[in-house]
Amino acid sequence: MTGSDWAVRPALRLTYDAFCETHERAWLGVARARLRDESAAQAAVNRMKDRLRRQWPRVLREPVPAFRAWAFIKEEIGAALAERVMTADEQVQAPDWVAVVRKAAQLAEDRAEAQGVHETLYDAIKGLPERRHDVVVLRYLLELPDSVIAEYLDTTEANVRSTASQALARLARALRDQRGQR
């Protein structure tokens, strides 16, 4: 949409602004978790929001607009990761991963505080299939309700709970395996 479209149809701007205000915390949270860099995460969200704004009337006609927006943020994160690989800038680290690691460690019934275990758990979280990774970040880092996560991922709340359970079981196995190697 162009700027003149917003002027002619102010309701579009209002719905877009309200939608972004409702969902931006989740978009930024998953971008931070994947990119581990605050400025890269914010840039990905900004690109996503610009893309969403341009396609807003079409997105509104979709059955689950939050799912389309989620696809957009995932694509922008993927593009940022690809750009990072191309420029070999992989040493950046965001602080939010520590919170998700600690929360997941507790929920995986592992109170691991030994040096290097959090990094191992982070690697395990990073190695989860994409949907499980998203559920872990949305549920345990951002503390979103299952109903909202289900909307983002276009699935059911029961599937979100199942996916979270599977992710925690896999993380617990990764920690046990790591402990066994010491």
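Position numbers for residues count from 1 along each chain, tracking the sequence in the order it is written. Local features are withheld for residues below a pLDDT of 70 in this predicted model, meaning they are given only at 70 or higher, and side-chain atom pairs are given and counted only at 80 or more; totals for whole chains, interfaces and linings count all residues. By convention in this description, side-chain values take in all heavy atoms of the structure and omit both hydrogens and water.

J.: Whenever I open this one, the packing of aromatic side chains confuses me. Can you help?
T.: The geometry of an aromatic ring pair is captured by two quantities: the separation of the ring centres and the angle between the planes. For Phe, Tyr and Trp, rings pair up if their centres lie within 6.5 Å, where Trp contributes its six-membered ring, and each pair is then called stacked (planes under 30 degrees apart), edge-to-face (over 60) or tilted (otherwise). Throughout the structure, instances matching the rule amount to four aromatic pairs. Look at Y16 and W56: their rings are 5.7 Å apart centre to centre, the planes differ by 80 degrees, and that puts the pair in the edge-to-face class. You can see Y16 sitting in helix α2 (residues 10-35) and its partner W56 sitting in helix α4 (residues 56-60), a full 40 residues away along the chain. Here W56 falls in the buried class, since its relative accessible area comes to 1%. Ring geometry for W70 versus Y152: centroids 5.1 Å apart, planes at 10 degrees, classification stacked. Taken together, the residues span a long stretch of sequence, with W70 in helix α5 (residues 65-87) and Y152 in helix α9 (residues 146-153) at a distance of 82 residues. To sort residues, take the accessible area from a 1.4 Å probe on protein chains only and compare it with the maximum for the residue type: under 20% means buried, over 50% means exposed, and anything in between is partly exposed. Its relative accessible area of 3% is what places W70 among the buried residues. A residue is classified by how much of its surface remains accessible, and Y152, at 2% relative accessible area, is buried. Secondary structure counts use DSSP, requiring at least four H or I residues in a row for a helix and at least two E residues in a row for a strand, with both numbered from the N terminus.

J.: Quick question: what am I supposed to make of the pattern of salt bridges here?
T.: Close approach of charged atoms allows side chains with opposite charge to pair. Here, a salt bridge means any Lys or Arg side-chain nitrogen found within 4 Å of an Asp or Glu carboxyl oxygen. Counted under the stated rule, the structure contains 13 salt bridges. Residues E62 and R58 are paired through a salt bridge, measuring 2.9 Å at the closest nitrogen-oxygen approach. Taking the relative accessible area as the measure of exposure, R58 reaches 36% and is therefore partly exposed. Note that E130 and K74 form a salt bridge whose closest N and O atoms lie 3.0 Å from each other.

J.: Sorry if this is basic, but what is going on with the confidence of the model for the protein chain here?
T.: Interpreting fine coordinate detail is not advised for predicted regions of low pLDDT. pLDDT expresses, on a scale from 0 to 100, how confident the predictor is about each individual residue. Averaged over all residues, the pLDDT of the protein chain equals 80, while 75% of them reach at least 70. No element of the protein chain has a lower mean pLDDT than helix α6 (residues 96-107), at 52, and none a higher one than helix α3 (residues 38-54), at 94. Any two residues whose heavy atoms approach within 4.5 Å at even a single point are treated as in contact. Confidence drops under a pLDDT of 50 for residues 89-95, and excluding neighbours within four residues, the segment shows 10 contacts in the predicted structure. In the predicted structure, residues 109-115 sits below a pLDDT of 50 and forms 10 contacts with residues beyond four places in sequence or in another chain.

J.: Would you mind going over the environment of G29 with me for this structure?
T.: Relative to the helices and strands, G29 is located in helix α2. Owing to a relative accessible area of 2%, G29 belongs among the buried residues under this scheme. When the C-alpha positions of G29 and L141 are compared, they lie 7.7 Å apart, and in sequence the two are 112 residues distant.

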